[in-house]
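For reference, the chains in residue letters:
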Amino acid sequence: MEPGRGAGPGPGLWRCGRRLLWAASLLCVLLDLQLPGLLASGQAEIENHLEMGRKLLAAGQLAEALSHYHSAVEGDPKNYLTYYKRATIYLAMGKFRSALPDLSKAIELKPDFLAARLQRGNILLKQGNTEQAKQDFEAVLQSDPGHKEAQSQLARLTELEVTMQEARAAYQRTEYAGAIGILERVVEISPWDPDAKELRAECHLLLGDYGQAILDLKPTTKLRADNRAAFLKLSQLYYGLGEHEEALAQVRECLKLDQDDKACFAHYKQVKKLSKQLESAEEHVRAQRYEEAIEKYKAAMKTEPQVEVYIVKAKARICHCLSKSKRPQEAIDVCTEAHQRDPRNVFILRDRAEAYILNEEFQRAVEDYQEAKEFDGENEEVKEGLERAQKLLKQSRKRDYYKILGIRRNANKQEIIKAYRKLAQQWHPDNFQSEDEKKEAEKKFIDIAAAKEVLTDPDMRQKFDSGEDPLDPENQQGGGGHPHHWPFEFNPFGSGNFHFKFHFN
């Protein structure tokens, strides 16, 4: 180091610095040479996306066209036309809320772009946003005072404001039907306005028309962001109508928006509990576990003792289970109560008719099936049931094998044989002395034997239970014969000196 000089970089650092300067200069030269080409390539790619978007749009392939316009916007975020074209695709797809930001961006980039202003004003008008829509229409008219569509839409906007005020006034006067009529025009002008649909839904509710209220409320869940109130209201309406599965689906949508929503969560717990009980009950019915099903339906009535539709449903199904489990008197009592609550329910009438049949009250069974047929004349099960009940009624006026043996219609084979043996011993002709007594005993004994034959044969018993006497000559091919013919190959009480003796084990 020379005297008088400070310390400085060594020769190696100087050489490194010179090389870095040389490399930077070379890079700048290369960029100057390639930048026009890169820009041209990027623009070509954007143009390609726009062209493909136009072709796909013309072919009606909206989702694919939208994808290309996304790429075009990303490639050139300052092109107002690209935003506008993407907005038109959103509108074609029914996604008006997605179209609004693109229209606003196009207007921001080109404030005098009248087509975008007019389109945005139309969307805002359909949403019921009259203040902002008015600004867009007036901006168009300021640039083009003779613009027909802007003039027409501004007039519709004024009409909307006046009509909505009239509807609210009618609602305040409790003229709900009148308000609904006025709101028809409001919804026609502003089909995407949640306020109008919610007001009309409230009017329908106050008039007791839950179905129409639901139709108006459902669209508002999409028209208004985070519309938990609408989801909860829909769930409550479906619940009140007895549609617990749909009620559960709607309240779950509310909880998706906010799992901590207290009102929705409380309602969810109630609906979930009831739904689980009803579903479990139906599973038991399908598996023919009728006692378990009855218990579940009783539990459901305790869970929801206020809503009539669930009380009726539970009692109707208990009626069905009792009828199926062959407890006729209990079934008749429950079915009668259910019928009083829901007089036009065909299934309650069917189940009570079947209980009457089990209870051998055939005339009442016929009456129930006839009433059910009046409500649903095309129901095959009802028509078949009525025909069977009428046959049983006719049959009951002739020979009834159950009455002959003194047993219930749901008696099993062992009970049938036991009753037969007892009566056969009692009425065997050898037990009687006089000819008149023997003849009477012979007649009874033949009936007893016939009853045993029919009721212990599954096929013959099924025919008899369907209202057809398998031993009645009228029901046999060829007809003829005596109505009390001996059902076996011979009659042990025929002419001759043969005496037949039964031995009972």
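The coordinates are above.
Only a predicted model underlies this, so the values are computations on that prediction, with no experimental measurement involved. (Residues numbered from 1 in each chain as written. Predicted model: local features only at pLDDT ≥ 70, side-chain atom pairs only at ≥ 80, totals over all residues. Heavy atoms only, no water.)

The subject of this paragraph is the state of the cysteines. This model, assessed by the stated rule, comprises 2 disulfides. One disulfide bridge connects C254 with C264, the sulfur atoms lying 1.9 Å from each other. Of note, the bridge from C254 to C264 carries an S-S torsion of about 85° and is right-handed in sense. With C254 in helix 12 (residues 244-257) and C264 in helix 13 (residues 262-286), the pair connects residues that are 10 residues apart, well separated along the chain. For the pair C254 and C264, a shared accessibility class is recorded, and that class is buried. Paired by a disulfide, C319 and C335 hold their sulfur atoms 1.8 Å apart. Residues C319 and C335 are joined through a disulfide that is right-handed, its torsion about the S-S bond being 90°. With C319 in helix 15 (residues 308-324) and C335 in helix 16 (residues 328-341), the pair connects residues that are 16 residues apart, well separated along the chain. Each disulfide in the chain links cysteines that, numbered along the sequence, combine into the pattern 1-2, 3-4. In this model C321 remains outside any disulfide bridge; the closest cysteine sulfur is found in C319, 9.0 Å from its own. (Disulfide = S-S within 2.5 Å. Helix = DSSP H or I, 4+ residues; strand = E, 2+ residues; numbered from the N terminus. Buried < 20%, exposed > 50% of the residue type's maximum accessible area, 1.4 Å probe, protein only.)

On to the environment of S98. Turning to its location among the elements, S98 is positioned in helix 4 (residues 96-109). For the pair S98 and R86, spaced 12 residues apart in the sequence, the C-alpha separation amounts to 9.5 Å.

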